[in-house]
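A look at the structure
Spelled out, the chains give:
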2 protein chains.
Amino acid sequence: MAAQKLRFMYSGIRVRDLDRSLAFYSGLGFRVHKRGQMEHGGIWVHLKLPGQPHRLELNYYAPGNPHYEPVRKGTEFDHFGFRVSDVQAWADRAEKAGGKIVLRIVETHENLAYVEDPDGVWIEFFGPPARKRRKPA
Amino acid sequence: MAAQKLRFMYSGIRVRDLDRSLAFYSGLGFRVHKRGQMEHGGIWVHLKLPGQPHRLELNYYAPGNPHYEPVRKGTEFDHFGFRVSDVQAWADRAEKAGGKIVLRIVETHENLAYVEDPDGVWIEFFGPPARKRRKPA
């Protein structure tokens with residue numbers, strides 16, 4: 001058996017409108033790392049955040065493609081988690097990029113926000129509660 | 001706005017039997033990094049492959065939990081991708097760990113294998129075609 005190295009390289013989702021999804025994830029800071037076409041015509045795009053190895057894969061299957069399926073919300077996937085310094089700011093930014101804020105949770109030790117991407121994929125932003133600004137003297 | 005650092009920390013799935021999923025992903029080399037309980041009783045476990053930052057999150061919601069949902073195969077998630085040195089060996093290993101091999105593709109430039117984890121989450125192993133063994137002289 002060859003050397004047993006397993007590299008957790010990407011997490012792949014399906015998108016219904018590639019441009020829309022690229023606009024959304026670009027708005028979060030992802031950049032296109034690589035893209036290609038599958039033999040049956042499907043398109044994949046690998047996105048990366050600068051300096052981070054794990055990729056987000058967008059898969060697009062046009063209607064008529066053998067892998068095309070209508071949108072159906074499942075329960076096997078839960079969400080992607082992003083640690084951020086300012087949860088509120090990132091939720092707002094994601095909304096401006098085309099997402100939908102579905103839940104904001106403010107706790108004493110942590111803030112959370114859940115945003116749906118344009119295809120309904122849940123994204124969690126979590127981070128420290130916003131520091132209170134000092135009043136000017 | 002605070003410094004805009006976004007860290008793609010984990011990809012989270014839902015599991016129906018935590019022990020079964022832990023056995024499966026341990027069989028692939030993942031190790032438990034951290035675990036905790038949510039306020040509503042759900043359990044999360046973060047798994048990591050040694051030396052790799054991106055975590056796989058397992059979320060377990062018992063029947064009766066407000067987040068519990070029956071298994072429903074969706075189309076928003078596609079699959080996790082793992083680069084390996086020996087695709088066949090990893091597919092077999094995943095099967096022994098409790099997965100189900102659903103597809104093997106042998107191409108001249110790359111081998112692929114798709115395995116369903118115990119909850120039906122698709123995993124892709126991809127890597128170079130197995131080198132032919134030299135016949136003993």
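Source: prediction; values computed, not measured. (Residues numbered from 1 in each chain as written. Chains lettered and ligands numbered in written order. Predicted model: local features only at pLDDT ≥ 70, side-chain atom pairs only at ≥ 80, totals over all residues. Heavy atoms only, no water.)

**Section: the relation of the copies chain A and chain B**
Relative to chain B, chain A is turned by 180° and slid 0.0 Å along the rotation axis, the superposed coordinates differing by an RMSD of 0.0 Å. Such values leave the two copies arranged in the relation of a two-fold axis. Among all residues of chain A, the minimum C-alpha distance to the rotation axis is found for Gly-74 of chain A, at 1.6 Å. Both copies share a contact surface, since 100% of the interface residues of chain A are interface residues in chain B too. (Least-squares fit on C-alpha atoms with pLDDT ≥ 70 in both. Contact = heavy atoms within 4.5 Å.)

**Concerning helix α1 (residues 18-27) of chain B**
Residue and element names in this part refer to chain B. Those residues of α1 lying buried are Leu-18, Ser-21, Leu-22, Phe-24 and Tyr-25. Viewed end-on, α1 has its buried residues packed into an arc of 165°, placing them on one side of the element. The opening residue of α1, the one whose side-chain oxygen lies 3.2 Å from the backbone nitrogen of Asp-19, is Asp-17. (Buried < 20%, exposed > 50% of the residue type's maximum accessible area, 1.4 Å probe, protein only. Helix = DSSP H or I, 4+ residues; strand = E, 2+ residues; numbered from the N terminus. Arc of directions from axis to C-beta. Polar contact = N/O pair within 3.5 Å; in protein donor to acceptor, adjacent residues only side chain to side chain.)

**Details of the environment of Gly-41 of chain A**
Following the sequence through the fold, Gly-41 of chain A ends up in the loop between β2 (31-37) and β3 (43-48). Taking the C-alpha atoms as reference points, Gly-41 of chain A and Thr-108 of chain A, separated by 67 residues in sequence, lie 49 Å from one another.

**What to know about the nonpolar core**
Core analysis: the largest hydrophobic core is formed by 58 residues, its most contacted members being Tyr-25 and Phe-125 of chain A together with Tyr-25 and Phe-125 of chain B. When residues no more than four places from it in sequence are discounted, the contact partners of Tyr-25 of chain A are Ile-13, Phe-30, Leu-47, Leu-56, Leu-58, Asp-117, Val-121 and Ile-123 of chain A. (Core = buried A, V, L, I, M, F, W, Y, C linked by side-chain atoms within 4.5 Å.)

**Description of the side chain of Arg-14 of chain B**
Here Arg-14 of chain B shows up in strand β1 (residues 6-15). Since its relative accessible area comes to 11%, Arg-14 of chain B is described here as buried. In terms of polar contacts, Arg-14 of chain B uses its side chain to reach the backbone carbonyl oxygen of His-67 of chain B, at 2.9 Å. Residues contacting Arg-14 of chain B, with those up to four places away along its chain left out, are Thr-75, Glu-76, Phe-77 and Asp-78 of chain A together with Asn-59, Tyr-61, His-67, Glu-69 and Asp-119 of chain B.

**Brief notes about the sheet that holds strand β5 (residues 77-84) of chain B**
Pairing is mixed across the open sheet formed by 8 strands, whose spatial order is β2(A)-β3(A)-β4(A)-β1(A)-β5(B)-β8(B)-β7(B)-β6(B). One side of each edge strand has no neighbouring strand; the edge strands of this open sheet are β2 of chain A together with β6 (100-106) of chain B. Each strand axis lies, on average, 25° off the axis of its neighbour in the sheet, ignoring direction. (Pairing = 2+ DSSP bridges. Axes fitted to C-alpha atoms, helices over the stretch in contact; angles between N-to-C directions.)

**With respect to the pattern of salt bridges**
What the rule picks out here adds up to 8 salt bridges over all chains. Here Asp-92 of chain B and Arg-104 of chain B are joined by a salt bridge, their closest N and O atoms 2.8 Å apart. On the criterion of sequence distance, the pair formed by Asp-92 of chain B in helix α2 (residues 87-96) and Arg-104 of chain B in strand β6 is long-range, its members being 12 residues apart. Owing to a relative accessible area of 37%, Arg-104 of chain B belongs among the partly exposed residues under this scheme. Within this structure, Arg-14 and Glu-69 of chain A together with Asp-78 of chain B form a network of salt bridges that share partners. (Salt bridge = Lys/Arg side-chain N within 4 Å of Asp/Glu carboxyl O.)

**Brief notes about the interface of chain A and chain B**
Listed by partner, the interface residues are 54 residues for chain A and 54 residues for chain B. The contact between chain A and chain B buries some 4,800 Å² in all, and 51% of this surface belongs to carbon and sulfur atoms. Per-residue buried area on chain A facing chain B is highest for Leu-6, Phe-8 and Glu-76 of chain A; these three make up 19% of the total on that side. Sorting the residues of the side of chain A that touches chain B by element identifies β1 (6-15), β4 (55-60), β5 (77-84), α2 (87-96) and β8 (122-127) of chain A as the ones contributing at least two each. Here the element with the most residues in the side of chain A that touches chain B is β1 of chain A; it accounts for 9 residues. In terms of residue class, the side of chain A that touches chain B is made up of 25 nonpolar, 11 polar and 18 charged. By the bridge criterion, 7 bridges tie β5 of chain A to β1 of chain B in an arrangement that is antiparallel. Bridged to Arg-83 of chain A within β1 of chain B is Arg-7 of chain B. (Buried area = accessible area lost by both parts, 1.4 Å probe. Nonpolar A, V, L, I, M, F, W, Y, C, P; charged D, E, K, R; others polar.)

**Focus: the sheet that holds β8 of chain A**
The strand order across the open sheet built from 8 strands is β6(A)-β7(A)-β8(A)-β5(A)-β1(B)-β4(B)-β3(B)-β2(B), with neighbouring strands paired in mixed fashion. Edge positions in the open sheet fall to β6 (100-106) of chain A together with β2 (31-37) of chain B, since each of these has one partner strand only. Recorded for the sheet is a direction-independent mean angle of 25° between the axes of neighbouring strands. Where β1 of chain B meets strand β4 (residues 55-60) of chain B, 6 bridges bridge the pair, whose relative direction is parallel. Within β4 of chain B, the residue paired with Gly-12 of chain B across the bridge is Glu-57 of chain B.

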